Protein chains: 2
Amino acid sequence: MDTRPIGIFDSGVGGLTVVKQVMKVMPHENIVYFGDTARVPYGTKSKDTVTKFSLQIIRFLQTKNVKAIIVACNTASSNSLEEMRKAFDLPIFGVVVPGVEAALRATKNGKVGIIGTAATVRSHAYEEMIQKKNPEIQVFSKACPLFVPLAEEGWTDNEVSSFAAKRYLTELVEKGIDSLVLGCTHYPLLKRCIGTTVGDAIKLVDPAKATAQQVMAFLAQQDQRNESETYGTRNFYLSDRTDMFGFLCQKALKQPYEAEIIDIEKY
Amino acid sequence: MDTRPIGIFDSGVGGLTVVKQVMKVMPHENIVYFGDTARVPYGTKSKDTVTKFSLQIIRFLQTKNVKAIIVACNTASSNSLEEMRKAFDLPIFGVVVPGVEAALRATKNGKVGIIGTAATVRSHAYEEMIQKKNPEIQVFSKACPLFVPLAEEGWTDNEVSSFAAKRYLTELVEKGIDSLVLGCTHYPLLKRCIGTTVGDAIKLVDPAKATAQQVMAFLAQQDQRNESETYGTRNFYLSDRTDMFGFLCQKALKQPYEAEIIDIEKY
């Protein structure tokens, strides 16, 4: 038994959709969340910059004595997971492998779509992992850079998001995919709009749930679950104030939390 | 006569639209440009964070021995100009005052619209400056957070940008404005779409040109113009690599330039 917290980080507040799944699957675990709201988004930035930011954040989370790290951010998971694992002697989980496994369970016809930020798609991390696990699967990827700002504007289901979704997703639908990985923590907020655009025949896969389950299995195997009877504590840290935090706490976690602002560049 | 360069900075590469105007008005001046592409955008971030980033950038530009600074970024100009001027013994020019003067020249009916990032609009910098210069002018402001990512996606004139522009601008048109300040360096890239949406009767005001003229007048008055016969040198620095730099060099400056990547967090 290990009562130390799980560290979860994201480029911004989108990772609260991952916190939600971790709270659901492991309600007794303590959680420390960091959102890099001063430097968000990561999805338009280079691998070197995403790696540098990610290493700083793990150095910060280590000061909170975490027992494991979940990289909620798809861009960081896709670009920098290896560098993080090399640099730290800590179990570090990305969202790509669980997302891929969920997609392989979901597809019947072997045609899988992946949507994410420009940096996630450019990394080819999802494609390579799918090819490794099943080389017969056909993968079709598409970067959807507007989806993050649309979600942050609250335009999750109007004519602007609808036309943007049509522009991005029509080519994937035409390829005949039967499942679509939402490869960015913001995209579940646009689920209805994306679902309407691609149609009911295409299953939407959110890697967050599969990630929470993978971490739970790992902690159980290591005998590191928190077996307290009480619900875990949740502590939130951001690198800049943002109204989106309160909004997403309500929307994803259904309760208000306070966040402490820290200077991440010091780490 | 003073051959030291003029420092120009922006949250990203949008400020190249200001470089363009400076090169046009003062072709013999040397220019050092910094774009904070690792931490872009500023428009969704807090005043404290924008101020901190701006001070770091001026410390960097000082190492290039600049004689004056142009804050091309509307968000930094609106939120942090006073803090910058307090911290440095250098002439520092924002885009708000020249933008306001150009708007006052443009309006006939005394109703002026301002569009910008969330942080620019929240600062009320444009409104306060207009009220100070002419309390009879009515000002209507609107934040348009989607315009920056739309410009960066290259969706400057399609149905997505058109519906976004309608959502943002209809209320300003209904107020009866006759001039509209493009209070963000990215917005001139969407000029056609914005113009079509608001109609020919509303004049679009770009603060960049007026800013370049203000700086030229200041340098002339101080006897600090660069009177070399040759064209000035232009040096570009970014905090992260981005394809947008090459794209905008061609689009705004009509020629290719190289940019050097520097670690701005060290300054």
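### Describing the overall build of chain A
Then, number 1: Scanning chain A from terminus to terminus reveals 11 helices and 10 strands.
Then, number 2: For 267 residues, the compact-globule estimate of 2.2 N^0.38 gives 18 Å, and chain A sits close to it at 18 Å.
Then, number 3: Going through the 267 residues of chain A one by one, you find that 58% of them count as buried.
Then, number 4: Considering only contacts within chain A whose residues lie at least 6 apart along the sequence, 76% involve residues at least 24 apart.
Then, number 5: Put simply, chain A shows about 10,800 Å² of open surface, and 48% of that area lies on carbon and sulfur atoms.
Then, number 6: Charge-centre separation for chain A: the mean point of 32 positive side chains lies 2 Å from the mean point of 30 negative side chains.

### Concerning empty space enclosed by the protein
All names here are of chain B.
Then, number 1: Within this structure, the stated rule accounts for 4 cavities of 30 Å³ or more.
Then, number 2: Roughly 110 Å³ of volume is contained in the largest cavity.
Then, number 3: Along the walls of the largest cavity sit 15 residues, with Ser11, Cys73, Thr75, Thr117 and Cys184 positioned nearest its centre.
Then, number 4: Of the residues belonging to the lining of the largest cavity, the class tally is 6 nonpolar, 8 polar and 1 charged.

### A look at the pattern of salt bridges
Then, number 1: According to the stated counting rule, one finds 27 salt bridges over all chains in the structure shown.
Then, number 2: Ionic pairing is found between B:Lys52 and A:Asp263, a salt bridge with its closest N-O pair at 2.8 Å. Remark: A:Asp263 occurs in the segment after strand S10 (259-261) and B:Lys52 occurs in helix H2 (residues 47-62); the pair is interchain, linking two chains.
Then, number 3: Here B:Glu171 makes a salt bridge to B:Lys142, at a shortest N to O gap of 3.2 Å. You can see B:Glu171 sitting in helix H8 (residues 159-174) and its partner B:Lys142 sitting in strand S6 (residues 138-143), a full 29 residues away along the chain.
Then, number 4: What makes B:Glu171 partly exposed here is its relative accessible area of 37%.
Then, number 5: Through salt bridges with shared partners, a single ionic network connects A:Asp36, A:Arg39, A:Lys52, B:Asp263 and B:Glu265.

### Some thoughts on the side chain of B:Ser161
All names here are of chain B.
Then, number 1: Along the chain, the position of Ser161 falls in helix H8.
Then, number 2: You can call Ser161 buried: its relative accessible area is 1%.
Then, number 3: A distance of 3.4 Å separates a polar atom in the side chain of Ser161 from the backbone oxygen of Trp155.
Then, number 4: What Ser161 contacts, discounting residues up to four positions off in sequence, is Leu150, Trp155, Thr156, Leu190 and Cys193.

### So, helix H4 (residues 96-106) of chain A
Note that an α-helix has 3.6 residues per turn; residues three or four places apart therefore point the same way.
Then, number 1: Buried within H4(A) we find A:Val96, A:Pro98, A:Gly99, A:Val100, A:Ala102, A:Ala103 and A:Ala106.
Then, number 2: Buried residues along H4(A) sit against helix H3 (74-87), strand S5 (111-116), helix H6 (125-133), strand S7 (179-183), strand S8 (203-205) and helix H10 (207-221) of chain A.

### What about the interface of chain A and chain B?
Then, number 1: With 30 residues of chain A in contact, the opposing surface of chain B contributes 30 residues.
Then, number 2: Across the chain A/chain B interface, buried area totals approximately 2,600 Å², and carbon plus sulfur atoms make up 53% of it.
Then, number 3: Between chain A and chain B we count 10 salt bridges in total.
Then, number 4: Across the pair A:Lys52 and B:Glu265 runs a salt bridge whose closest N-O atoms are separated by 3.6 Å.
Then, number 5: Inspection of the region where chain A meets chain B yields 18 residue pairs in polar contact (both at pLDDT 80 or more).
Then, number 6: Breaking the side of chain A that touches chain B down by element, the ones donating at least two residues are helix H2 (47-62), helix H7 (147-153) and helix H8 (159-174) of chain A.
Then, number 7: The greatest single-element share of the side of chain A that touches chain B, amounting to 6 residues, is contributed by H8(A).

### Section: the relation of the copies chain A and chain B
Both copies of the chain are related by one operation, a rotation about an axis with a shift along it.
Then, number 1: Superposition record for chain A on chain B: RMSD 0.0 Å, screw rotation 180°, translation along axis 0.0 Å. Such a combination of rotation and displacement between the chain copies is what one expects of a two-fold axis. Relative to the rotation axis, the C-alpha of A:Arg39 is the closest in chain A, positioned 2.3 Å from it.

### Things to note about the confidence of the model for chain A
Then, number 1: Residues with a pLDDT of 70 or more make up 100% of chain A, whose mean pLDDT is 96.
Then, number 2: For this predicted complex, the interface confidence score (ipTM) comes to 0.90, while the overall pTM stands at 0.93.

### Notes on H8(A)
Residue and element names in this part refer to chain A.
Then, number 1: The end-to-end C-alpha separation of H8 is 22 Å, in line with the 22 Å expected for 16 residues at 1.5 Å each.
Then, number 2: Largest kink in H8: about 40°, centred on Tyr168.
Then, number 3: Three or more residues of H8 are buried, namely Val160, Ser161, Ala164, Ala165, Tyr168, Leu169 and Leu172.
Then, number 4: Where H8 ends, the next residue or the one after it, Gly176, has phi of about 85°, a positive value.

### Overview of the nonpolar core
Then, number 1: A:Ile115, A:Phe147, A:Leu169, B:Ile115, B:Phe147 and B:Leu169 are the most contacted members of the largest nonpolar core, which has 48 residues in total.
Then, number 2: Of all elements in the fold, only H7, H8, S7 and helix H9 (191-198) of chain A together with helix H7 (147-153), H8, strand S7 (179-183) and helix H9 (191-198) of chain B reach the threshold of two or more residues within this core.
Then, number 3: Once residues lying within four places of it in the same chain are set aside, the contact partners of A:Leu169 are A:Ile115, A:Cys144, A:Phe147, A:Ile194, A:Thr197 and A:Val198.

### Let's talk about the sheet that holds strand S9 (residues 234-238) of chain B
All names here are of chain B.
Then, number 1: Spatially, the 6 strands line up as an open sheet ordered S4-S3-S1-S2-S9-S10, and their pairing is parallel. Only two strands of the sheet have a single neighbouring strand rather than two, namely strand S4 (92-93) and strand S10 (259-261).
Then, number 2: Relative to strand S2 (residues 31-35), strand S1 (residues 6-10) runs parallel, the two sharing 5 bridges. Each residue of the ladder has a partner; that of Ile8, found in S2, is Tyr33.
Then, number 3: Those strands touched by helix H1 (residues 16-25) are S1, S2, strand S3 (68-71) and S9, and its axis lies near 170° from that of S2.

### Details of the pairing of S1(B)
Residue and element names in this part refer to chain B.
Then, number 1: Counted residue by residue, S1 has 5 buried out of 5 residues, so it is predominantly covered.
Then, number 2: Residues Ile6, Ile8 and Asp10 point to one face of S1 and Gly7 and Phe9 to the other, with burial holding for every one of them.
Then, number 3: Regarding the hand of the β-α-β motif, the stretch spanning S1, H1 and S2 is right-handed.
Then, number 4: In the sheet, S1 pairs with S3 via 4 bridges, with the strands oriented parallel. Bridge pairing in S3 links Phe9 to Val71.

### Describing the packing of aromatic side chains
Residue and element names in this part refer to chain A.
Then, number 1: One pass over the structure, following the stated rule, counts 23 aromatic pairs over all chains.
Then, number 2: For the pair Tyr33 and Phe236, a centre-to-centre distance of 6.0 Å together with 50° between the ring planes defines the contact as tilted. Residue Tyr33 is found in strand S2 (residues 31-35), and its partner Phe236 is found in strand S9 (residues 234-238); the two are separated by 203 residues along the sequence. Across the pair, Phe236 and Tyr33 agree in class, each one buried.
Then, number 3: Pairing Tyr42 with Phe53 gives two aromatic rings, centres 5.6 Å apart and planes at 50°, and the pair type is tilted.

The rules behind these values
- Residues numbered from 1 in each chain as written.
- Chains lettered and ligands numbered in written order.
- Predicted model: local features only at pLDDT ≥ 70, side-chain atom pairs only at ≥ 80, totals over all residues.
- Heavy atoms only, no water.
- Helix = DSSP H or I, 4+ residues; strand = E, 2+ residues; numbered from the N terminus.
- Rg over C-alpha atoms; globule rule 2.2 N^0.38 Å.
- Buried < 20%, exposed > 50% of the residue type's maximum accessible area, 1.4 Å probe, protein only.
- Contact = heavy atoms within 4.5 Å.
- Areas by Shrake-Rupley, 256 points an atom, 1.4 Å probe, with all protein chains shown as cover.
- Lys, Arg positive; Asp, Glu negative; His and termini not counted.
- Charge placed at Lys NZ, Arg CZ, Asp CG, Glu CD.
- 1 Å grid on protein atoms, 1.4 Å probe; cavity = no way out; pocket = protein on both sides within 12 Å on 5 of 7 lines; lining within 4 Å.
- Points joined across faces, edges and corners; volume = space filled by probe spheres on them.
- Nonpolar A, V, L, I, M, F, W, Y, C, P; charged D, E, K, R; others polar.
- Salt bridge = Lys/Arg side-chain N within 4 Å of Asp/Glu carboxyl O.
- Polar contact = N/O pair within 3.5 Å; in protein donor to acceptor, adjacent residues only side chain to side chain.
- Buried area = accessible area lost by both parts, 1.4 Å probe.
- Least-squares fit on C-alpha atoms with pLDDT ≥ 70 in both.
- pLDDT = per-residue confidence, 0-100.
- Expected span 1.5 Å × (residues − 1).
- Bend = angle between axes of the 7 residues up to and from the residue.
- Core = buried A, V, L, I, M, F, W, Y, C linked by side-chain atoms within 4.5 Å.
- Pairing = 2+ DSSP bridges.
- Axes fitted to C-alpha atoms, helices over the stretch in contact; angles between N-to-C directions.
- Right-handed = clockwise from strand over helix to strand, strands pointing away.
- Phe/Tyr/Trp six-rings, centres within 6.5 Å; stacked < 30°, edge-to-face > 60°.

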